[in-house]
Amino acid sequence: MAICIDLEGRVVLLCGAARGGISGATARRLAATGATVVAVDQAQEILDLTIADVEAAGGRCHGVVANLMDAAQTDPLVATVVGRFGRLDGVVNVAGGTKAEEWIPLEQTSTEMFRDTLNLNLEYVFRICRDAAASMIRRDAPGSIVNVGSVSSIAAAPFHGPYGAAKSGIAALTRTMAFEWGKYGIRANTVQPGAVATDRVMNRPSTPHAGAALAGANAPSIVWTTPDELANTIVFLLSDLASGISGQTISVDSALSTKFCAGSRPFEINKRNPQV
Ligand SMILES: NC(=O)c1ccc[n+]([C@@H]2O[C@H](COP(=O)([O-])OP(=O)(O)OC[C@H]3O[C@@H](n4cnc5c(N)ncnc54)[C@H](O)[C@@H]3O)[C@@H](O)[C@H]2O)c1
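Given the structure is predicted, the values throughout are model-derived calculations rather than measurements.

Caption draft 1: Structural detail: the packing of helix H5 (residues 111-139) against helix H6 (residues 161-181). At their nearest, the axes of H5 and H6 sit 8 Å apart, and the two run at 15 degrees to each other. In terms of axis orientation, H5 runs roughly parallel to H6. Our pair here, H5 against H6, has a crossing hand that is right-handed. Of the residues in H6, those in contact with Phe114, Thr117, Leu118, Asn121, Leu122, Val125, Phe126, Cys129, Arg130, Ala133 and Ile137 of H5 are Pro162, Tyr163, Ala166, Lys167, Gly169, Ile170, Leu173, Met177 and Trp181.

Okay, here's the thing in structure tokens:
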């Protein structure tokens, strides 16, 4: 008998719904397993494209417009899903990232920019997971949480300061979720992408700083991973096939994070040893 992932009857809250991103790929994969997806994104037009893809393939996807950085807009989300569908089995927090203007040296980063990056890449994840777990515990129902981090949590790269801090926070927070909520049957894991050629990344305008960081003979060659490869791992972790996996941080990066990238800063003169 073939082993397959069957999430028929389950309801999954998915933060992010970009058709050309990890979130859109996750919505399509999830719906293909039979799950009902409730996707949250900042604009109806973004949701409409992914809902259309899912429905065209015979799946179920409902959209909610909300700014995830605004607690007043995220606080009702879990109750809304449980009120409408009577259950919540899984949570996937994909939305995140940085804006082009945030790709600047750390010493030029404003406190507001730092806070914004932490809000979009860490704080809303805490709020959604807290509310989802509280609801699962109240209903005495098990669940699975998958938070999307980044390999920026495990290695340095120019201009990844606040972002790397936020994504390190995701891994730490998710481990604690697994530890505290395991006794209620709730699993929690982090999936860390490397470089994924999503629309968001490919369409991000280059900046002088980013250009300098990525240029040069010593820049590391980028190994790309696809949104579907991330989505496959996320769906596996949500499923009962992953029943023994919790509290883990799993890099899905085509081995990008295994490469030593000290040569990626050719623009920076080594002041201790200028000959190098
Ligand atoms: N693409 C990569 O190379 C890469 C690498 C490492 C980590 N990641 C992480 O993977 C995740 C997904 O990245 P992606 O490139 O696939 O992005 P994506 O294309 O899935 O886009 C994320 C979605 O989040 C939504 N969003 C952004 N801010 C929002 C807000 N305030 N409220 C509501 N929705 C909001 C956007 O509208 C977009 O639809 C992010 O957390 C990112 O940090 C991506």
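Caption draft 2: Just the packing of helix H4 (residues 77-85) against H5, in detail. Between H4 and H5, whose axes approach to 9 Å, the crossing angle comes to 40 degrees. As far as their axial angle goes, H5 and H4 are oblique. Each of Leu77, Val78 and Val82 in H4 lies in contact with H5, whose residues at this interface are Ile128, Asp131, Ala132, Ser135 and Arg139. When the residues that make up the contact of H4 with H5 are grouped by side-chain class, the tally is five nonpolar, one polar and two charged.

Caption draft 3: Expanded view of the site of the ligand. The immediate surroundings of the ligand are formed by 29 residues, with Ser23, Asp41, Val94, Tyr163 and Thr198 found nearest. The separation between an oxygen atom of the ligand and a polar side-chain atom of Tyr163 is 2.6 Å. Measuring from an oxygen atom of the ligand, one finds a side-chain N or O atom of Arg200 at 2.9 Å. Among the secondary structure elements, those contributing two or more residues to the shell around the ligand are helix H1 (22-32), H5, H6, strand S7 (195-196) and helix H7 (199-202). A class-by-class count of the residues in the shell around the ligand yields 15 nonpolar, 11 polar and three charged.

Caption draft 4: The confidence of the model for the protein chain, seen in detail. Across the protein chain, the average pLDDT comes to 91, with 88% of residues at 70 or higher. Taken element by element, the protein chain is modelled with least confidence in helix H8 (residues 208-214), mean pLDDT 59, and with most confidence in strand S4 (residues 90-93), mean pLDDT 99. Across residues 265-269, where pLDDT falls below 50, the model places seven contacts with residues more than four positions away in sequence or in other chains.

Caption draft 5: Region of interest: the nonpolar core. Formed by 29 residues in total, the largest nonpolar core has its most connected members in Leu13, Val40, Leu88, Val91, Ile128, Ile145 and Trp181. Elements with a contribution of two residues or more to this core: strand S1 (11-15), strand S2 (36-41), H4, H5, H6 and strand S6 (186-193). For this core, the leading source of residues is H5, giving eight residues. If we skip the residues at most four places from it in the chain, Trp181 touches Cys129, Arg130, Ala133, Ile137, Ile145 and Ile186. In terms of nonpolar packing, the next biggest core, distinct from the first, is built from 28 residues, Leu7, Ala27, Val196 and Val252 among them.

Caption draft 6: Representation of the environment of Ile250 in the model. You can see Ile250 is positioned in strand S9 (residues 249-252). Overall, the relative accessible area of 26% leaves Ile250 in the partly exposed class. In this structure the C-alpha to C-alpha distance between Ile250 and Val148, which are 102 residues apart in sequence, comes to 9.7 Å. Setting aside anything within four residues of it in sequence, one finds Ile250 in contact with Thr190, Val191, Gln192, Leu237 and Ile245.

Criteria and thresholds
- Residues numbered from 1 in each chain as written.
- Predicted model: local features only at pLDDT ≥ 70, side-chain atom pairs only at ≥ 80, totals over all residues.
- Heavy atoms only, no water.
- Axes fitted to C-alpha atoms, helices over the stretch in contact; angles between N-to-C directions.
- Helix = DSSP H or I, 4+ residues; strand = E, 2+ residues; numbered from the N terminus.
- Parallel < 35°, antiparallel > 145°, perpendicular 65-115°, else oblique.
- Left-handed = near helix turned anticlockwise from the far one by under 90°.
- Contact = heavy atoms within 4.5 Å.
- Nonpolar A, V, L, I, M, F, W, Y, C, P; charged D, E, K, R; others polar.
- Near = heavy atom within 4 Å.
- Polar contact = N/O pair within 3.5 Å; in protein donor to acceptor, adjacent residues only side chain to side chain.
- pLDDT = per-residue confidence, 0-100.
- Core = buried A, V, L, I, M, F, W, Y, C linked by side-chain atoms within 4.5 Å.
- Buried < 20%, exposed > 50% of the residue type's maximum accessible area, 1.4 Å probe, protein only.

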